[in-house]
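Here's the letter readout for the chains.
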Amino acid sequence: MAPKITVIGTGYLGATHAAAMAELGFEVLGLDVVPEKIEMLGRGKVPMYEPGLEELLRRHVAGIEGSTGRLRFTMSWEEAGEFGDVHFVCVNTPQKHGEYACDMSYVESAIDALAPHLHRPALVVGKSTVPVGSAARLAARLTELAPAGSDVELAWNPEFLREGFAVQDTLHPDRIVVGVAGERGEKLLREVYATPIGEGSPFVVADYPTAELVKTAANSFLATKISFINAMAEVCEAADGDVAKLAEAIGHDERIGKKFLRAGIGFGGGCLPKDIRAFMARAGELGADQALTFLREVDSINMRRRGHMVELARETVGGSFLGQRVAVLGATFKPDSDDVRDSPALNVAGQIHLQGGQVTVYDPKGMDNARRLFPTLGYAPTALEACQGAHVVLHLTEWREFRELDPAALAAVVAERRMLDGRNALDAGAWRSAGWTYRAMGRPQA
Ligand code: UDX
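Quick caveat: nothing in here was measured; it's all calculated off a predicted structure.

What follows is about the overall build of the protein. Across its full length, the protein holds 18 helices and 14 strands. A compact globule built from 446 residues would reach a C-alpha radius of gyration of about 22 Å, and the protein, at 23 Å, matches this within 12%. Along the first, second and third principal axes, the C-alpha set of the protein runs to 70 × 55 × 40 Å. Residues classed as buried in the protein amount to 49% of the 446 residues present. Look at the contacts in the protein between residues 6 or more apart in sequence, and 70% of them connect residues 24 or more apart.

What follows covers the nonpolar core. If you look at the biggest cluster of nonpolar residues, it comprises 84 residues, and the most contacted ones within it are I8, V28, V89 and L142. Element by element, the count of residues in this core is highest for helix α1 (residues 12-23), at 8 residues. Residue-level mapping places this core at the junction of two domains, with at least three residues from each of domain 1 (5-206) and domain 2 (227-446). Here L142 is in contact with I111, A115, V124, V152 and L154, once residues within four sequence places are set aside. Membership of the second largest hydrophobic core comes to 41 residues, among which are A327, L329, V392 and W436.

With that settled, the discussion passes to the pairing of strand β1 (residues 5-8). Burial along β1 is two-sided: the residues I5 and V7 and T6 and I8 are all buried. Inspection of the sheet shows β1 paired to strand β2 (residues 28-31) by 4 bridges, in the parallel sense. If you follow I8 over to β2, its bridge partner there is L31. Read from β1 through α1 to β2, the crossover connection turns out right-handed.

By the criterion of burial, strand β7 (residues 176-180) is predominantly enclosed, with 5 of the 5 residues buried. Residue alternation in β7 divides its side chains into two sets, I176, V178 and V180 and V177 and G179, and both sets are buried. Two strands pair when backbone bridges link them, and strand β6 (residues 152-156) and β7 are joined in this way by 2 bridges, in the antiparallel orientation. Within the sheet, the bridge partner assigned to W156 lies in β7 and is G179. In this sheet, strand β8 (residues 203-206) lies alongside β7 in parallel orientation, the contact comprising 4 bridges. Note that in β8 the partner of V177 across the bridge is V204.

Attention now moves to the site of the ligand. Taken together, 20 residues surround the ligand, and among them E163, R262, F267, G269 and C271 come closest. A total of 3 residues in the shell around the ligand trace back to one element, the largest contributor, which is helix α9 (residues 208-239). For the shell around the ligand, the per-class residue count stands at 10 nonpolar, 5 polar and 5 charged. Here the shell around the ligand spans two domains, and each of domain 1 (5-206) and domain 2 (227-446) adds at least three residues to it.

With that out of the way, let us pick up helix α11 (residues 272-285). With 14 residues, α11 should cover 20 Å at 1.5 Å per step; its first-to-last C-alpha distance of 20 Å lies within 8% of that length. Within the sequence span of α11, burial applies to L272, P273, K274, D275, I276, A278, F279, M280 and R282. Where α11 is buried, its residues meet α9 and α12 (293-316). Once α11 finishes, G287 follows within two positions and takes phi at roughly 80°, a positive value.

Across the sheet, which stays open at both edges, the 6 strands sit in the order β11-β10-β9-β12-β13-β14 with parallel pairing between neighbours. Edge positions in the open sheet fall to β11 (378-379) and β14 (437-440), since each of these has one partner strand only. Bridging between strand β9 (residues 325-329) and strand β10 (residues 358-362) involves 5 bridges; their strand directions are parallel. Paired with R325 across the strands is Q358, a residue of β10. Here α12 sits on the sheet in contact with β9, β12 (392-395), β13 (418-421) and β14, set at roughly 170° to β13.

About the cut-offs
Residues numbered from 1 in each chain as written. Predicted model: local features only at pLDDT ≥ 70, side-chain atom pairs only at ≥ 80, totals over all residues. Helix = DSSP H or I, 4+ residues; strand = E, 2+ residues; numbered from the N terminus. Rg over C-alpha atoms; globule rule 2.2 N^0.38 Å. Buried ≥ 20, exposed ≤ 12 C-beta atoms within 10 Å, placed from the backbone. Contact = placed C-beta atoms within 7 Å. Core = buried A, V, L, I, M, F, W, Y, C linked by C-beta atoms within 7 Å. Domains from an automatic or database assignment. Pairing = 2+ DSSP bridges. Right-handed = clockwise from strand over helix to strand, strands pointing away. Near = placed C-beta within 6 Å. Nonpolar A, V, L, I, M, F, W, Y, C, P; charged D, E, K, R; others polar. Expected span 1.5 Å × (residues − 1). Axes fitted to C-alpha atoms, helices over the stretch in contact; angles between N-to-C directions.

Spelled out as structure tokens, the structure:
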């Protein structure tokens, strides 16, 4: 019989994983400790914006007309413990307040809450991003707390999904990485992924520490690539070079590749920034901090981008934001998401507001989250309204909607035709020929 699956934590990762597992034919029970989330998911509603996820969910949530009924949600640990043969732990591991280290409390409470209800052999699979060494510690904790003792195994199976592509990345992963301590874990996970999900995806089996490190290493590499191109943008600006052209040219070398070389205001979100910091903190604990000192530089190049954007904007409006209206297009950390965690766009908007600018933000999907985080900023219901009377327009998240804006229509409502492209994503020629002063980061002014 196919194993029954529980998914603990129903954020971007968990909600997508639960729906994907149901899509593959498994009976799935999703668990969360937030009642509002469980109530919404139970009605087939996704508590965040993720393209294609709601459709996928509605195909399987029990009680929805025409659904397979394979997916249910609960808040009961007892029910989860009784139900599942394989328990995927998908809870958040945010950065600790005021520290670089990662906050493991959600993972630890999930293990502590689930374990006492594991009365028969089961596999607990960690998917959250954790500091290396966590899996071994959590495995020992499970054996200690679970009534089934050593019949409960732990595996570590990091997840590499990108927000905005969560469904696609979950159903067609680049690779499946599993860290195991015994054969049973590997066998069960091979069974779970011996579905279309695993087809064509390399299956990499490793020990716990290697599997944990694969995730942090991958994110560190991506962050490094972005900061590298942003460092080149700084040099290009000083030397009057064009970083977009440079990225295109170096990207033709297959060893370098074209992806993740878009210079701009840098990376944000709930993963890359906190993952590189947690990695440095953990390396320090292990006495290997020297190996990762470059990540400190990656982080500081990245943070400098935000300040640089603020400077460019201030310079553009004549040296002071006082009495200046600043339109901000984009609030989320990337397009096709409503996530504003550590968003470079909102950080820039907040800094300008603090320096006396009258900021008006518009974002296609991130308005509610942005308002909650930065209630004192101005907000407008459309891009056009955000730009009304603006002395400068900042393009800070590269939504398709912004690339499709009509420069002439915007020109009619702004006070000054000044566009600063913080994502190097707009068509410079189109804006300039509509009479705009268009400036992008790391590129010549005209
Ligand atoms: C990332 C990893 O890509 C994913 O594998 C992991 O599981 C979670 O962390 P995500 O945070 O969803 O995913 O976004 P990603 O697409 O990696 O973008 C991260 C940030 O980098 C965004 O703020 C984006 O705007 C920025 N970015 C990306 C750049 O500034 N330049 C680029 O060339 C690419």
